[in-house]
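# An overview of the molecular structure
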Amino acid sequence: MDPLLALDDVAFRYPGRRSGLALDGVSVAVRPGGHVGIVGESGAGKSTVLRLLLGLAAPDSGTVSFDGAPLDVRDRQAMRRFRAAVQPVFQDPYSSLDPRQRVDRIVGEPLRSLGVASGSEAADRVEAALRDVGLDGDAGGRYPHEFSGGQRQRIAIARAVVSGPRVLVADEPVSALDLTTRVAVLELFERLAAEHGMTIVLVSHDLAVVARLCATTVVLRGGRVVEQGDTRRVLAEPESAYTRALLDAVPRLPV
C-alpha cells in the first residue's frame, strides 16, 4: 500500500541557526489508516517534522508528498485541498482556542476558511462534530473558559474533524491533561479513527501514549531517524541505544 503522507530524505535548516540541520535525511511513510508515533527528546526534530507534515514549511531538500504527489506549498488550490484533508490537534487546549469566540464559531472555522460548507449545512456539521467528541448539543453556544481542560481538548478535536479530514496530526495532544482525562482523550482518538477511517500521526515525548495509540513508531535524535518500525518491536526489543535510553526513563511502559 502506497503512503498517504510521507517525508522522503528530507533536510531542513532554520534560517540563521548555527547549530546545523534541524532535520537531516529524514524519511517517514504514513500509510492510509495507519497510526504513526514520532518520538524523541526535546530538540530531536519532532516539531519540525510536524511542520513539514502539515505543510507549514517546505524542506530544503527531499520531498514531502500527499496521496502520491509532491506537496507544493506555493500552490494555493492544492494547499486548500490538503488542509481540508490533513488537520492538526495542538498540545495546549487552553491556548489553542480563541477565548473571545463561542465554541460553535471555533469549531466551524475550518469549514468557512476552506470553503467546505456554510449556512445551515455548516451549523449541522458543527453540531454533529461536537456530539461526535462527546459534548452536549448546547456546547456550541458557550465559551472555552466554561469548559474543563479535557473538554477543551475535545473541542479542539471537534474543530479538527469537522471538515472530514483523512489525517489527524496531533502534537502532544494529552500532555497538558491529568491522567484520567488522558485516557479518555486517547480512547476518543481511537474511536474516531475507527469510525471514520482516519490516519493518525502522533508527535510525542511520552512513549506510553505512543504504545497505547500507534502501531508504528519513529524515533528521532538530533534531526535523524535512529529507529523505526512496529511499535511493539521497537519498544520491547529496541535496536538503538538511544531508544533504550528513552525506555529506561519510563518507570512502567505497557507494550
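You'll find the structure just up there.
All of the points below concern the structure found in this document. This one's a predicted model, so the numbers in the text were calculated from it and none came from an experiment.

The strand order across the open sheet built from 4 strands is β2-β1-β4-β5, with neighbouring strands paired in antiparallel fashion. Every other strand in the sheet has two partners, leaving β2 (23–30) and β5 (69–70) as the edge strands with one partner each. Note that strand β4 (residues 61–66) and β5 share 2 bridges and pair antiparallel. Considered in β5, the bridge of Ser65 is made with Pro70. Contacts between helix α1 (residues 46–53) and the sheet are confined to β1 (5–12), β2 and β4, with β1 contributing the most and set at about 125° to the helix.

Okay, the pattern of salt bridges next. Scanning the model with the defined rule gives 15 salt bridges in all. Asp98 is the salt-bridge partner of Arg100, the closest N and O atoms lying 3.1 Å from each other. On the basis of relative accessible area, Arg100 is assigned to the exposed category, the value being 70%. Taking the relative accessible area as the measure of exposure, Asp98 reaches 23% and is therefore partly exposed. With its nearest N and O atoms 2.7 Å apart, the salt bridge here joins Arg102 to Asp104. Of the residues examined, Arg102 reaches a relative accessible area of 38% and is grouped as partly exposed. Overall, the relative accessible area of 25% leaves Asp104 in the partly exposed class. Salt bridges linked by common partners bring Asp132, Arg191 and Glu195 together as one network.

Over its 13 residues, helix α5 (residues 149–161) extends 19 Å from the first C-alpha to the last, a length consistent with the 18 Å expected when each residue adds 1.5 Å. Counting buried residues in α5 gives 12 out of 13 residues, a clear majority hidden from the surface. Those residues of α5 not exposed but buried are Gly149, Gly150, Arg152, Gln153, Arg154, Ile155, Ala156, Ile157, Ala158, Arg159, Ala160 and Val161. Against the buried residues of α5 lie β6 (86–89), α3 (103–113), α4 (119–132), β7 (167–171) and α6 (179–196).

Cut-offs used in this document
Residues numbered from 1 in each chain as written. Predicted model: local features only at pLDDT ≥ 70, side-chain atom pairs only at ≥ 80, totals over all residues. Heavy atoms only, no water. Pairing = 2+ DSSP bridges. Helix = DSSP H or I, 4+ residues; strand = E, 2+ residues; numbered from the N terminus. Contact = heavy atoms within 4.5 Å. Axes fitted to C-alpha atoms, helices over the stretch in contact; angles between N-to-C directions. Salt bridge = Lys/Arg side-chain N within 4 Å of Asp/Glu carboxyl O. Buried < 20%, exposed > 50% of the residue type's maximum accessible area, 1.4 Å probe, protein only. Expected span 1.5 Å × (residues − 1).

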